[in-house]
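What follows is each chain in one-letter form.
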Amino acid sequence: MIDTHQRNTALLVAGCFFMENLDGTIVATAAPRMAASLHIEPTAVGLVITAYLLTLAVLIPLSGWLAARYGVRRIFLTAISLFTLASLACALSTNLWQLVAMRVLQGIGGAMMVPVGRLTVMARTAKPDIPKTMAYIVWPGLVAPVIAPLLGGFITTYADWRWMFLVNLPLGLVALLVARRLLDSTSTTGTIPTTNTTPATNTIDTTNTKSTTPSLDRIGVLLTATGLGAFTWAAHLLSEPAEPWAPVLLALGLSAVLLTAAVRHLLRTEHPLISLRTLKVPTFRASVTGGTAFWIAVGAVPFLLPLLFQEVFGWSAIKSGTVVLFVFVGNIGIKPATTYLLNRFGFRRLLLGATLGVTATLVASAFLTSATPLALVVVLTVISGAARSVGLTGYMTIAFSEVTPEQLRHANTLSATAQQLAAGLGVAAATVALRAGGAIGELLPGTPTAGTAYAVAFGLLALVTLTAVVGAYRLHPGAGDAVRRSPVTAGKRPVAQS
């Protein structure tokens, strides 16, 4: 069983994860009010969102090296401080470019905050304790995109949009004080312990110093940063309602060239920014590939459902936001049972059930109409929330089930990068699916209705989750067993596995 210190550290990282994800999604709700206050067009507010997501995508790969070079405690505390102060600066901004610049600073803090915090937790967690630890960390990432529309709508209706950033001040201050208390000062130079066991003290190994950390892979930084930046910019362009295809194709082409060059470099250099050889571990590779497809699909749902409810069903923003909150009810409702289910059924069956569950709810959403009983819509959203909670917890847990301590830093960084890209692609995937739904709807038999495009969009997203279903099916039945406990001994402390 994980001790109190370990649980509290995991909850601290969970809180940081919540702040980071909330700030990535809540701004969209306040676009009209922000535009009026800053005397700009509402469409220009999209740059505020993109600047934040772009910075996260570009700098997350650098977080692992910074932790190795300067120590997880120092980087983690710096990241929380920077994120909190940047939030205050965002609230005090008086024009668009000030706000965009402060969002970049916020993104810099976020890019270091969660990956380094998660590294701190995982480095001290015995393998059989990983499922429960991940259960603590994952749920805020599921909650933030769901409550963001309702919370953003409430703030902009009854208060000033600046409060969307000011709410981070007490959260960040508490996180900073708790982090200073939980992370021992001896962890200022170290990264990860030499074995994946639970030591007698709750500190990070300090044997690694600046002198033993390889120099920064500058070429790797340049290629990955520009490649991921171009890819994120393409996703932003795709999420715009009427963006011409030429800039999108140009950004995607540039991204493909740069990322291909980055992969070749990272595989050949002696000390790469991120070691892609961690993808040789089958369970980690399954987490990155299947988990990415899964993240994209579930990230699109909180965007599509409110649009369907408001534009097709004619519901108010409050009613649609409240119904979408039942996704959160499913997330939280299943959470206490997630670890037991994993121990009882194993990763392969658990991920198969979760991916099939999300696929089924997406297909069912395609048949929703304004005449569908509200109770049935609520049940569907609860099931969807439960399936996504189980799936994302499973993917994030299996990622580290067979990774060695020496591979942990690179695996954590690569996993965080893939997760951030997938989460950012959710809205873009929903927008593209909706556009395609309108075009495909014209080709279907009968007269298209207002809901036809949405029905096709949900069907297309279901096809995305089918790729995750196939990946889960191909897993070995014993995949990830190193982090499982048998249900009979789940309450007993096993010998840590390396």
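Residues numbered from 1 in each chain as written. Predicted model: local features only at pLDDT ≥ 70, side-chain atom pairs only at ≥ 80, totals over all residues. Heavy atoms only, no water.

Trainee: Can you help me understand the overall build of the protein in this one?
Mentor: Within the protein, the regular secondary structure consists of 15 helices and zero strands. In the protein, buried positions account for 55% of the 498 residues. Of the contacts made within the protein by residues no fewer than 6 positions apart, 83% connect residues no fewer than 24 positions apart. Accessible surface computed for the protein: about 20200 Å², of which carbon and sulfur atoms make up 68%. (Helix = DSSP H or I, 4+ residues; strand = E, 2+ residues; numbered from the N terminus. Buried < 20%, exposed > 50% of the residue type's maximum accessible area, 1.4 Å probe, protein only. Contact = heavy atoms within 4.5 Å. Areas by Shrake-Rupley, 256 points an atom, 1.4 Å probe, with all protein chains shown as cover.)

Trainee: Got a minute to help me understand empty space enclosed by the protein in this structure?
Mentor: Gaps left between atoms show up when a probe the size of a water molecule is rolled over them. Counted according to the given criterion, the structure contains five cavities of 30 Å³ or more. By volume, the largest cavity amounts to about 120 Å³. Together, Phe17, Glu20, Asn21, Ile60, Val114, Pro115, Arg118, Trp295, Ala416, Gln419, Gln420 and Ala423 line the largest cavity. Counting only elements with at least two residues in the lining of the largest cavity, the list comes to α1 (4–25), α5 (96–122) and α14 (408–443). When its residues are assigned to classes, the lining of the largest cavity shows seven nonpolar, three polar and two charged. (1 Å grid on protein atoms, 1.4 Å probe; cavity = no way out; pocket = protein on both sides within 12 Å on 5 of 7 lines; lining within 4 Å. Points joined across faces, edges and corners; volume = space filled by probe spheres on them. Nonpolar A, V, L, I, M, F, W, Y, C, P; charged D, E, K, R; others polar.)

Trainee: So what exactly am I meant to see when it comes to helix α2 (residues 31–38) here?
Mentor: Since one α-helical turn is 3.6 residues long, residues separated by three or four positions face the same way. The complete set of buried residues in α2 reads Ala31, Met34, Ala35 and Leu38. All buried residues of α2 project into a common sector of 100° when viewed along the axis, lining one side. Pointing more than 90 degrees away from the buried face of α2 are the exposed residues Pro32 and Ala36. Summarising the contacts, the buried residues of α2 are in contact with α3 (46–70), α5 and α7 (163–166). (Arc of directions from axis to C-beta.)

Trainee: It is not clear to me how a nonpolar patch on the surface should be interpreted in this structure. Could you clarify?
Mentor: The grouping of Trp245, Leu249 and Leu252 at the surface amounts to a nonpolar patch, some 310 Å² of accessible area in total. Tracing the backbone shows Leu252 in helix α10 (residues 245–268). Residue classification places Leu252 among the partly exposed residues on the basis of a relative accessible area of 32%. (Patch = residues over 30% accessible without salt bridge, like charges linked within 9 Å, V, L, I, M, F, W, Y side chains within 5 Å. Salt bridge = Lys/Arg side-chain N within 4 Å of Asp/Glu carboxyl O.)

Trainee: Whenever I open this one, the packing of α1 against helix α4 (residues 72–92) confuses me. Can you help?
Mentor: Angle between the axes and distance between the axes: these two values describe a pair of packed helices. Two elements in contact, α1 and α4, have axes separated by 12 Å at closest approach and are oriented at 35°. Crossing handedness for the pair α1 and α4: left-handed. Here Leu12, Val13, Cys16, Met19, Glu20 and Asp23 of α1 lie close against α4, whose contacting residues are Phe76, Ile80, Phe83 and Ser87. Looking at side-chain class alone, the contact of α1 with α4 contains seven nonpolar, one polar and two charged residues. (Axes fitted to C-alpha atoms, helices over the stretch in contact; angles between N-to-C directions. Left-handed = near helix turned anticlockwise from the far one by under 90°.)

Trainee: Could you clarify how one ought to interpret the pattern of salt bridges in this entry?
Mentor: Opposite charge on two side chains lets them pair, provided their charged atoms get close. Counted by the stated rule, this structure contains three salt bridges. In this structure, Arg103 engages Asp23 in a salt bridge whose closest nitrogen and oxygen atoms are separated by 3.9 Å. Taken together, the residues span a long stretch of sequence, with Arg103 in helix α5 and Asp23 in helix α1 at a distance of 80 residues. On the basis of relative accessible area, Arg103 is assigned to the buried category, the value being 0%. Look at Asp23 and you get buried, because its relative accessible area is 0%. Arg484 serves as the salt-bridge partner of Asp481, at 2.9 Å between the closest nitrogen and oxygen. The class of Asp481 is partly exposed, set by a relative accessible area of 36%.

Trainee: I keep staring at unusual backbone geometry and nothing clicks. Help me out?
Mentor: The backbone of His39 sits at a positive phi, close to 60°, despite the residue not being glycine. If you trace the backbone, His39 turns up in the loop between α2 and α3.

Trainee: It is not clear to me how the packing of helix α11 (residues 282–312) against helix α13 (residues 374–398) should be interpreted in this structure. Could you clarify?
Mentor: Direction vectors running N to C along α11 and α13 enclose 155°, while the axes themselves pass 9 Å from each other. As the angle between them shows, α11 and α13 are arranged roughly antiparallel. The hand of the α11/α13 crossing is left-handed. Contacts between α11 and α13 involve Thr283, Phe284, Ala286, Ser287, Gly290, Gly291, Phe294, Trp295, Val298, Pro302, Leu305 and Phe309 from the former and Val377, Thr381, Ala387, Arg388, Gly391, Leu392, Tyr395, Met396 and Ile398 from the latter. (Parallel < 35°, antiparallel > 145°, perpendicular 65-115°, else oblique.)

Trainee: Is there a simple way to explain the nonpolar core in this structure?
Mentor: The tendency in soluble globular proteins is for nonpolar side chains to be buried side by side. Counting 139 residues, the largest nonpolar core has Met34, Phe76 and Phe309 as its most contacted members. Filtering out sequence-adjacent residues up to four positions away, Met34 remains in contact with Val27, Val45, Val48, Leu99, Trp161 and Met164. (Core = buried A, V, L, I, M, F, W, Y, C linked by side-chain atoms within 4.5 Å.)

Trainee: Before we go on, may I ask you to explain the side chain of Thr393 in this structure?
Mentor: Counting through the fold element by element, Thr393 comes out in helix α13. In this structure the side chain of Thr393 is engaged in a polar contact, spanning 2.8 Å, whose partner is the side chain of Lys335. The residues contacting Thr393, other than those within four sequence positions of it, are Ala135, Val138, Lys335 and Thr338. (Polar contact = N/O pair within 3.5 Å; in protein donor to acceptor, adjacent residues only side chain to side chain.)

Trainee: What is the right way to read the packing of aromatic side chains from this model?
Mentor: Note on aromatic pairs: each is described by the distance of the centres and the angle between the planes. Per the counting criterion, the structure on display carries six aromatic pairs. With a centroid separation of 6.2 Å and an interplanar angle of 90°, the aromatic rings of Trp161 and Phe165 are classed as edge-to-face. Phe165 matches Trp161 in its accessibility class, with the two residues each being buried. Judged by centre distance (5.7 Å) and plane angle (50°), the rings of Phe294 and Tyr395 are tilted. Here Phe294, found in helix α11, pairs with Tyr395, found in helix α13; they are 101 residues apart in sequence, far enough to count as distant. When sorted by exposure, Phe294 lands in the same class as Tyr395, which is buried. (Phe/Tyr/Trp six-rings, centres within 6.5 Å; stacked < 30°, edge-to-face > 60°.)

Trainee: Sorry if this is basic, but what is going on with the confidence of the model for the protein here?
Mentor: Low-confidence regions, as indicated by low pLDDT, have predicted coordinates that should not be scrutinised in detail. The predicted model of the protein averages 84 in pLDDT, with 90% of residues at 70 or higher. Confidence, expressed as mean pLDDT per element, reaches its minimum in the protein at helix α6 (residues 130–158) with 76 and its maximum at α4 with 94. Below a pLDDT of 50 lies the segment residues 186–209, which in the model reaches 70 contacts outside its immediate sequence neighbourhood of four places, other chains included. (pLDDT = per-residue confidence, 0-100.)

Trainee: Just checking my understanding: could you explain the environment of Leu414 for this structure?
Mentor: Here Leu414 lies in helix α14. A relative accessible area of 13% places Leu414 in the buried class. Counting along the chain gives 135 residues from Leu414 to Leu279, while the straight-line C-alpha distance between them is 9.2 Å. With near-sequence residues (within four places) excluded, Leu414 lies in contact with Ile274, Leu276, Thr278, Leu279 and Phe284.

Trainee: Is there a simple way to explain the environment of Asn21 in this structure?
Mentor: Within the secondary structure, Asn21 sits in helix α1. On the basis of relative accessible area, Asn21 is assigned to the buried category, the value being 14%. It is 9.1 Å that separates the C-alpha atoms of Asn21 and Ala148, two residues lying 127 residues apart in sequence. Engagement of the side chain of Asn21 in a polar contact is seen with the backbone oxygen of Phe17, the distance being 2.9 Å.

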